[in-house]
Amino acid sequence: MMDICLLGTGGMMPLPYRALTSLLVRCKGKGFLIDCGEATQISIRRRGWSFHDIDTILITHFHADHISGLPGLLLAMGNAERHEKVLIAGPRGLQHVVQSLLVIAPRLPFPLEFREIDGQEDCFSIDDMEITAFRLEHSMTCYGYSLHLPRAGQFDPEAAKKLGLPVQLWHVLQKGENAEYEGRVYTSDQVMGPPRKGLKVTYATDTRPVERIIEQAKGADLFICEGMYGEKDGPEKAREKKHMTMQDAAQLAKKAGVPELWLTHFSPSMVNPLEYEEEIRAIFPAAVIPKDRRTKELRFED
């Protein structure tokens, strides 16, 4: 199971009615935060979720609306009596940028670990969660992220019985480990079926619409993508500032074949994003124009 909360939907600057774009994913007692603009911690408090369990922070790029809230959030995590290590991942130069910000937040009660991303793609795992960073096209180096929670195949008790394995060893093989019995070593693939469909969420902002986003969003249960502009002159603004329109995002979702699209990172000049809903759903019917702190629970298929 994955709990998803789009903490904010705004771009460039926080507004009284719209926080900056940030995503918090909770899974198996761990929290994965993507981006941390000014006042991100306020949205977390309003949602009623904990700071303490945020183990991993993924930064897309170093524009202020995506990282300037980090010192305050880390201090809030310290005040929540967190002492375990926190991993921060992001583009090359991340450690220097974060350490500069932390001049105003010294002596955190937990260590920080940095993972600097370079190149077109980087894959790594945090316990069971598989994370893929993929290069976007913005005015500075920027990455999108896919979070994938795999699901093992189904255990076959009949296969275990045919092997003569006692019930006490079944759980070992179910966890993917080897089991030794009467001088023989048994492997999990002998009693487990093929991997089943896991859970996946893909997040992309700030960027032009590039083919790599479609490749990453394929197979996602939820695709969250920037739609900074919706108006008639939006395409021109988007090209100039290396962003996307709502229409661009809907086309990407359509090509990727995702079951649901959430738009985000709305321009401060866009007072009411919902006025474009009909036009966007004509392109991709499963598009959602969310408000801050929209939440969804993703569950494994039966």
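What you see is a predicted model; the values in this text were computed from it and never measured. Each chain has its residues counted from 1, following the order in which its sequence is written. At least 70 in pLDDT is required for a residue's local features to be given in this predicted model, at least 80 for side-chain atom pairs to be given and counted, and no such filter applies to totals for whole chains, interfaces and linings, which use all residues. Note: side-chain values were computed over all heavy atoms of the structure, leaving out hydrogens and water.

Draft legend 1. Seen up close, the overall build of the protein chain. Tallying secondary structure elements over the protein chain gives 10 helices and 16 strands in all. Our radius of gyration is a C-alpha quantity, and the globule rule it is checked against amounts to 2.2 Å times the number of residues to the power 0.38. Computed over the C-alpha atoms, the radius of gyration of the protein chain is 21 Å, within 12% of the 19 Å expected from 2.2 N^0.38 for a compact globule of 302 residues. Over its C-alpha atoms, taken along the principal directions, the protein chain stretches across nearly 70 × 50 × 35 Å. A simple rule labels every residue: compare its accessible area, found with a 1.4 Å probe on the protein chains alone, to the largest value its type can have, and call it buried under 20%, exposed over 50%, or partly exposed in between. By the burial criterion, 52% of the 302 residues in the protein chain qualify as buried. Intrachain contacts of the protein chain at a sequence separation of at least 6 include 65% that bridge at least 24 residues. Where helices and strands are cited, they refer to DSSP runs of H or I of at least four residues and of E of at least two residues respectively, numbered from the N terminus. Note on contacts: a residue pair qualifies if any of its non-hydrogen atoms lie within 4.5 Å across the two residues.

Draft legend 2. Summary view of the environment of E180. With respect to the secondary-structure elements, E180 resides in strand 10 (residues 179–181). For E180 and L169, which are 11 residues apart along the polypeptide, the C-alpha to C-alpha distance reads 8.6 Å. Setting aside anything within four residues of it in sequence, one finds E180 in contact with L169 and V185.

Draft legend 3. Structural context of the pattern of salt bridges. Any carboxyl oxygen of Asp or Glu within 4 Å of a side-chain nitrogen of Lys or Arg constitutes a salt bridge here. Under the definition given, this model contains 16 salt bridges. Here D128 and K28 are joined by a salt bridge, their closest N and O atoms 2.6 Å apart. Taken together, the positions of D128 in the loop between strand 7 (121–126) and strand 8 (129–135) and K28 in the loop between strand 2 (22–27) and strand 3 (30–34) put the pair 100 residues apart, joining distant regions of the chain. Among the residues examined, K28 registers a relative accessible area of 61% and is labelled exposed. Here K242 and E137 are joined by a salt bridge, their closest N and O atoms 3.1 Å apart. Remark: E137 occurs in the loop between strand 8 and strand 9 (143–151) and K242 occurs in the loop between helix 8 (234–241) and helix 9 (246–256); sequence separation between them is 105 residues. For K242, a relative accessible area of 29% gives the class partly exposed. Here the salt bridges do not stand alone but share partners, grouping K30, D55, R82 and D127 into one network.

Draft legend 4. Looking closely at helix 3 (residues 70–79). For helix 3, a buried count of seven out of 10 residues is recorded, marking the element as mostly surrounded by other parts of the structure. E81 lies just past helix 3 and shows a positive phi near 65°.

Draft legend 5. Quick peek at the environment of E121. On the secondary structure map, E121 appears in strand 7. Taking the C-alpha atoms as reference points, E121 and R135, 14 residues apart in sequence, are found 6.2 Å from one another. One polar contact links E121 to Q216, side chain to side chain, over a distance of 3.4 Å. Here a polar contact is recorded for every N or O atom pair within 3.5 Å, except that within protein the pair must consist of a potential hydrogen donor and a potential acceptor, and residues adjacent in sequence are included only if both atoms are side-chain atoms.

Draft legend 6. Structural context of the sheet that holds strand 12 (residues 196–204). Taken together, the seven strands give an open sheet; going across it, the order is 7-8-9-12-13-14-15, and neighbouring strands pair in mixed fashion. Pairing within the sheet leaves two strands with one partner each, and these edge strands are strand 7 and strand 15 (287–288). One bridge is not enough; two strands pair if DSSP finds at least two bridges between them. Direction of pairing for strand 14 (residues 261–264) relative to strand 15: parallel, over a ladder of two bridges. In the sheet register, W262 faces strand 15, and the bridge partner there is V288. Strands in contact with helix 9 are strand 13 (222–226) and strand 14; relative to strand 13, the strand with the most contacts, it is inclined by about 155°. Angles run from 0 to 180 degrees between N-to-C directions of axes, and those axes are lines fitted to C-alpha atoms, restricted for helices to the stretch in contact.

Draft legend 7. Quick look at the sheet that holds strand 6 (residues 112–117). Taking strand neighbours across the sheet as the criterion, the seven strands line up as 6-5-4-3-2-1-16 in an open arrangement whose pairing is mixed. Bordering the open sheet on either side are strand 6 and strand 16 (294–298), each of which pairs with just one other strand. Averaged over all pairs of adjacent strands, the angle between strand axes in this sheet comes to 15°, irrespective of strand direction. As defined by bridge partners, strand 1 (residues 2–8) adjoins strand 2 across five bridges and the pair is classed as antiparallel. Considered in strand 2, the bridge of C5 is made with L24.

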